[in-house]
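Descriptive analysis of the structure
Listed here are the chains, written in short residue letters.
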Amino acid sequence: MFLLRKPILALSGSARARSLLTGLPVTRAVVDRFVAGGTVADAVATAGKLRADGLQVTLDHLGENTSDTDHADATVAAYLALIDALANAGLAQGAEMSVKLSAVGQALTSTDGSAYALAGARKIADAAYGAGARLTLDVEDHTTIDSTLGILRTLREDHPDVGVAIQAMLLRTPKDLATLTGPGSRVRLVKGAYDEPGKVAFVEPHQVDRAYVRAMKVLMTGDGYPMVGSHDPRMIAIAEKLATEAGRGPDAYEHQFLYGIRPDEQRRLRAEGKTVRVYVPYGSDWYGYFTRRLAERPANLLFFLRALLSRG
Ligand SMILES: Cc1cc2nc3c(=O)[nH]c(=O)nc-3n(C[C@H](O)[C@H](O)[C@H](O)COP(=O)(O)OP(=O)(O)OC[C@H]3O[C@@H](n4cnc5c(N)ncnc54)[C@H](O)[C@@H]3O)c2cc1C
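Worth saying up front: this structure is predicted, and the values here are computed from it rather than measured.

Conventions and cut-offs
- Residues numbered from 1 in each chain as written.
- Predicted model: local features only at pLDDT ≥ 70, side-chain atom pairs only at ≥ 80, totals over all residues.
- Heavy atoms only, no water.
- Helix = DSSP H or I, 4+ residues; strand = E, 2+ residues; numbered from the N terminus.
- Rg over C-alpha atoms; globule rule 2.2 N^0.38 Å.
- Buried < 20%, exposed > 50% of the residue type's maximum accessible area, 1.4 Å probe, protein only.
- Phe/Tyr/Trp six-rings, centres within 6.5 Å; stacked < 30°, edge-to-face > 60°.
- Lys NZ or Arg CZ within 6 Å of the ring centre and 35° of its normal.
- Pairing = 2+ DSSP bridges.
- Right-handed = clockwise from strand over helix to strand, strands pointing away.
- Near = heavy atom within 4 Å.
- Polar contact = N/O pair within 3.5 Å; in protein donor to acceptor, adjacent residues only side chain to side chain.
- Areas by Shrake-Rupley, 256 points an atom, 1.4 Å probe, with all protein chains shown as cover.
- Axes fitted to C-alpha atoms, helices over the stretch in contact; angles between N-to-C directions.
- Contact = heavy atoms within 4.5 Å.
- Core = buried A, V, L, I, M, F, W, Y, C linked by side-chain atoms within 4.5 Å.
- Parallel < 35°, antiparallel > 145°, perpendicular 65-115°, else oblique.
- Left-handed = near helix turned anticlockwise from the far one by under 90°.
- Salt bridge = Lys/Arg side-chain N within 4 Å of Asp/Glu carboxyl O.

All right, on to the overall build of the protein then. Within the protein, the secondary structure is distributed over 13 helices and eight strands. A compact globule built from 312 residues should have a C-alpha radius of gyration of about 20 Å, and the protein, at 18 Å, falls within 12% of that. With the C-alpha coordinates aligned to their principal axes, the bounding extent of the protein is approximately 55 × 45 × 40 Å. Sorting the 312 residues of the protein into buried and exposed places 52% on the buried side.

The next point concerns the packing of aromatic side chains. Across all of its chains, the model carries three aromatic pairs by this definition. Ring centres of Phe34 and Phe290 lie 6.4 Å apart, and the angle between their planes is 55 degrees; this geometry places the pair in the tilted category. Of the two residues, Phe34 is situated in helix α3 (residues 25–34) and Phe290 in helix α12 (residues 287–296); the sequence distance between them amounts to 256 residues. One exposure class covers both Phe34 and Phe290, and it is buried. Lying over the aromatic face of Tyr289, Arg293 brings its terminal NZ or CZ to 4.5 Å of the ring centre.

Here we come to the pairing of strand β3 (residues 134–137). Pairing geometry for strand β2 (residues 96–99) and β3, over four bridges, is parallel. Among the inter-strand pairings, Ser98 is bridged to a residue of β3, identified as Thr136. As paired strands, β3 and strand β4 (residues 163–167) are joined by two bridges and run parallel to one another. Directly across from Leu137, in β4, lies its bridge partner Val164. Considered for its hand, the β-α-β crossover made up of β3, helix α7 (residues 145–158) and β4 is right-handed.

Near the ligand there are 24 residues, and of these Lys191, Gly192, Ser230, His231 and Glu296 occur at the shortest range. Within the side chain of Gln167, one N or O atom sits 2.8 Å away from an oxygen atom of the ligand. Note that an oxygen atom of the ligand is positioned 2.8 Å from one of the side-chain N or O atoms of His231. Alone, the ligand offers 950 Å² of accessible surface; in the complex the protein occludes 82% of this. Every element with two or more residues in the shell around the ligand is listed here: β4, β5 (186–190), β7 (254–258) and α12.

With that settled, consider the sheet that holds β3. If you walk around this closed barrel you meet the eight strands as β1-β2-β3-β4-β5-β6-β7-β8, and the pairing is parallel. The mean angle between the axes of side-by-side strands here comes to 25 degrees, regardless of whether they run parallel or antiparallel. The sheet strands contacting α7 are β3, β4 and β5, and the helix crosses β4 at an angle near 155 degrees.

Counted residue by residue, strand β1 (residues 56–61) has five buried out of six residues, so it is predominantly covered. As judged from the six bridges shared by β1 and strand β8 (residues 276–282), these two strands associate in the parallel manner. For Thr58, the partnering residue across the bridge sits in β8 and is Tyr279. Pairing geometry for β1 and β2, over three bridges, is parallel.

Along the polypeptide, Thr75 turns up in helix α5 (residues 69–88). Looking at Thr75, its side chain comes within polar contact range of the main-chain oxygen of Ala103, at 3.4 Å. Those residues in contact with Thr75 that lie beyond four places of it in its chain are His61, Ala103 and Val104.

Leu82, Leu86, Met97, Ile124, Leu135, Leu137 and Met216 are the most contacted members of the largest nonpolar core, which totals 69 residues. For this core, the leading source of residues is helix α9 (residues 205–221), giving eight residues. In contact with Leu135, other than residues within four places in its own chain, are Glu96, Met97, Val99, Ala121, Ile124, Ala125, Tyr129, Leu155, Asp161, Val162, Gly163 and Arg186. Residues Val31, Leu62, Phe290 and Leu301 belong to the second largest nonpolar core, which totals 20 residues.

This paragraph deals with the packing of α9 against helix α10 (residues 233–245). In the contact formed by α9 and α10, the axes pass within 10 Å of each other and the chain directions differ by 25 degrees. Considering their axes alone, α9 and α10 lie roughly parallel with respect to each other. Between α9 and α10 lies a crossing whose hand is right-handed. Here α9 contributes Asp209, Tyr212, Val213, Met216, Lys217 and Met220 to the contact with α10, which in turn contributes Arg234, Met235, Ile238, Ala239, Leu242 and Ala243.

A few words now on the pattern of salt bridges. All told, the structure shown has 22 salt bridges when counted by the stated rule. With its nearest N and O atoms 2.9 Å apart, the salt bridge here joins Asp209 to Lys191. Of this pair, Asp209 sits in helix α9 while Lys191 sits in the loop between β5 and α9; the two residues are 18 residues apart in sequence, bridging distant segments of the chain. Classification of Lys191 as partly exposed rests on a relative accessible area of 24%. Here the salt bridges share partners, and the residues they tie into one network are Glu96, Lys100, Arg134, Asp138, Asp161, Arg186, Arg188, Glu254 and Arg277.

These figures capture arrangement, not role.
This is the structure in structure tokens:
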């Protein structure tokens, strides 16, 4: 099934596949497993339920690779509306916004995309920190990393604990991590969800896993705040061991899960007193996010195919 990862990820960039898949009624039912809903109200309601269970949240307004400034501006406005709504519901304190820089202009070619994305991300950061929330930058394919880390550095001049996701699969990651382990530096370590060529990334799952463990060691023994973004039971167990060895209590690192994935494990860790944060995506532009989830795990794909066949 691992062999299907590449072709499924290729679908995420195909306009034809997008129009076919998003048009199927059954797709919606499967998407609902991974996406909290279409509106700000849905996102706030989901955040409220998770918080009632003792889980922290990081919210993602779905969308990526925005190709015009109006769309990028609308994404920034959507985050500002979300932060307002969370504040009104008493849920902003301690919440986190997860932002894909390509959704706020990084991929624009009509203007300086990095500068545009920085301006948008700064507005989101100012609003988030003003409301007692935080910002973490998602990380996208390898061509965007230099720009993303540059924007991170600039944002941290005003808001030092802006976080960033780092992909263990990329060969450059050890070098990047060396600059990201200072006091308070929040880093979400993930395996990496994009289809990367062998010249820049580990492609075999066991190589990615080993790289993930090496990166966890660097983060856990560093001075920053590690955020372990993995559903993998082995990675979670190793994170626990490394945190104990490094003398980190439950407030000095956290586990992160994607919404809808291993909810029992999220609650188990929470019941043990660990800090657990759930990544909550919402909005209508779910196609890219959804295809990455299908590519990640055979069972997700089988679930989708079964639903498709049972509806004829
Ligand atoms: C909070 C969070 C934020 C993320 N942000 C980014 C980002 O900014 N950029 C990026 O490139 N990627 C991001 N990712 C995705 C990440 O890169 C991986 O693609 C994704 O998490 C799958 O890798 P994994 O570590 O969960 O383990 P995998 O290698 O996918 O799975 C390993 C094992 O975990 C268990 N498992 C996995 N999924 C399930 C499931 N649905 N049900 C039961 N068991 C399961 C199974 O035992 C499986 O064998 C993020 C992931 C998380 C959790």
